[in-house]
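Descriptive analysis of the structure
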Amino acid sequence: MSLNQGTPTSVAYTCSPQHLWGYCDFLRRSADPEFLHAPGTSTKRVTPASISLRGLDARPTDLTACSHGPSRVAASKAFQSSVTPQAPAVHIGLDPGSEQQIKVMSSASEKLMVTMPAQHVVAIAGGQAELTCQLSPPRSAELMEIHWFRGDHSNPVYLYRGGREENGEADPEYVGRVEFVKETIGEGQVTLRINNISISDEGSYQCSFEDNGFSDMASLNLSVAAIGLDTQIHVQAPDNKGLLLECKSEGWYPQPKMEWRDSRGEEVPHSSISYSQDGAKLFHMKMTLLLQNKSQNSITCCIYNSLTAHEKKINIILANICV
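Here the residue index of a chain counts from 1 through its sequence in written order. This being a predicted model, a pLDDT of at least 70 is required before a residue's local features are given, and a value of 80 or more before pairs of side-chain atoms are given or counted; all residues contribute to the totals for chains, interfaces and linings. To obtain the side-chain values, all non-hydrogen atoms of the structure were used and water was disregarded.

1. Observations concerning the side chain of Thr191
Counting from the N terminus, the helices are DSSP H or I runs at least four residues long and the strands are E runs at least two residues long. In this fold, Thr191 is placed in strand β14 (residues 189-194). The cut-offs for exposure are 20% and 50% of the maximum accessible area for each residue type, with area from a 1.4 Å probe on protein chains only; residues under the lower value are buried, those over the upper are exposed, and the others partly exposed. Taking relative accessible area as the criterion, Thr191 reaches 10% and is therefore assigned buried. Among the polar contacts made by the side chain of Thr191, one reaches the side chain of Thr132 at a distance of 2.7 Å. What makes two residues a contact is simply this: any of their non-hydrogen atoms within 4.5 Å. If we ignore the near neighbours within four places in the chain, the residues touching Thr191 are Glu130, Leu131, Thr132, Glu179, Phe180 and Val181. The term polar contact refers here to a pair of N or O atoms within 3.5 Å; inside protein, the definition further demands a hydrogen-donor-capable atom paired with an acceptor-capable atom, and it admits residues adjacent in sequence only when both atoms are side-chain atoms.

Okay, structure coming up:
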């Protein structure tokens, strides 16, 4: 390194990114008095203590050389000289405090991958579900092939290729029910919107991106919930056994929790409970309560869907009824 005595000097070396760390590591470890030499100039030894490294978050290897203006700086014993003029700059400067600094102006590129902002999506039967996937780091996916699959990948739910959709290869169950939302495809984010959701739509979905040797996939799980629309309490005429209450509710998914509660909100053990499923996989619930020799101001039938945390209640007043 050429130095004018008494005059602070700042010089810039240009190294290829893949060689950067090996050079910096060599700077730190070298104890060779002829470590740096610019032809025709005096030799300046750079010791590890005089160097400050900043921003080094990768470790490429195999440094061959750095260029110093019109001259070449040869690292003795370890490296051979070459020049990579297109690479980002590594600045080695001598400030007024005589501290050598290396400022790294680039970082290693990140690996491209497919991610899911949400790993689990819950949709209501009869409504719609939005399944989103994203390239990371963001980049345009407009010219990529984008596939949405279910299960064993035998039939795609949706296929985007060459800037347009390919309905001919899609599963017939989804044709006419899906929309491809691509307003942010320039940033690598796309959404598959499924309309008129049914219980049979729930399960695992995979989204894949393909482009010129790149291929990656991510998965999410779609759960479907249904909230019963019709809930009723029936009271049978008292007999010598007591008063029989019956609560019925239909159209639930998954199977809900069903219980009786008294006027204080405390659970009352049921006498019986049963359920059945129809062709659409919806649950139909029936629960009974036999009141014997006991007076109640009111009784409530409660049904709870654990997937959506939705609860339905129906109450009946039984004041002054004794059995």
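2. Observations regarding the environment of Tyr158
Position of Tyr158 relative to the elements: it lies in strand β11 (residues 156-161). Look at Tyr158 and you get buried, because its relative accessible area is 4%. Measuring from C-alpha to C-alpha, the distance between Tyr158 and Gly168 comes to 9.7 Å, with ten residues separating the pair along the chain. Side-chain polar atoms of Tyr158 contact the side chain of Glu165, separated by 3.4 Å.

3. Concerning the packing of aromatic side chains
In this description, a pair of aromatic rings is defined by centroid distance and the angle of the planes. Here a pair means two rings of Phe, Tyr or Trp (six-membered ring of Trp) with centres within 6.5 Å. Their orientation is stacked below 30 degrees between planes, edge-to-face above 60, and tilted elsewhere. A complete count under the given rule lists four aromatic pairs for this structure. Here the aromatic cluster, defined as three or more aromatic residues joined through ring pairs, consists of Tyr158, Tyr160 and Phe180.

4. A word on the state of the cysteines
Only a pair of cysteine sulfur atoms within 2.5 Å counts as a disulfide in this structure description. Following the criterion strictly, the structure yields two disulfides and no others. Two residues share a disulfide in this structure: Cys247 and Cys301, whose sulfurs sit 2.0 Å from each other. The sign of the S-S torsion, about -80 degrees, decides the handedness of the disulfide formed by Cys247 and Cys301: left-handed. Placement of Cys247 in strand β18 (residues 242-252) and of Cys301 in strand β23 (residues 298-305) is noted, with a sequence separation of 54 residues between them. Assigned by exposure class, Cys247 and Cys301 land together as buried. Left unpaired, Cys302 is separated from the closest cysteine sulfur, that of Cys301, by 6.7 Å. Residue Cys302 is classed as buried on the basis of its relative accessible area of 2%.

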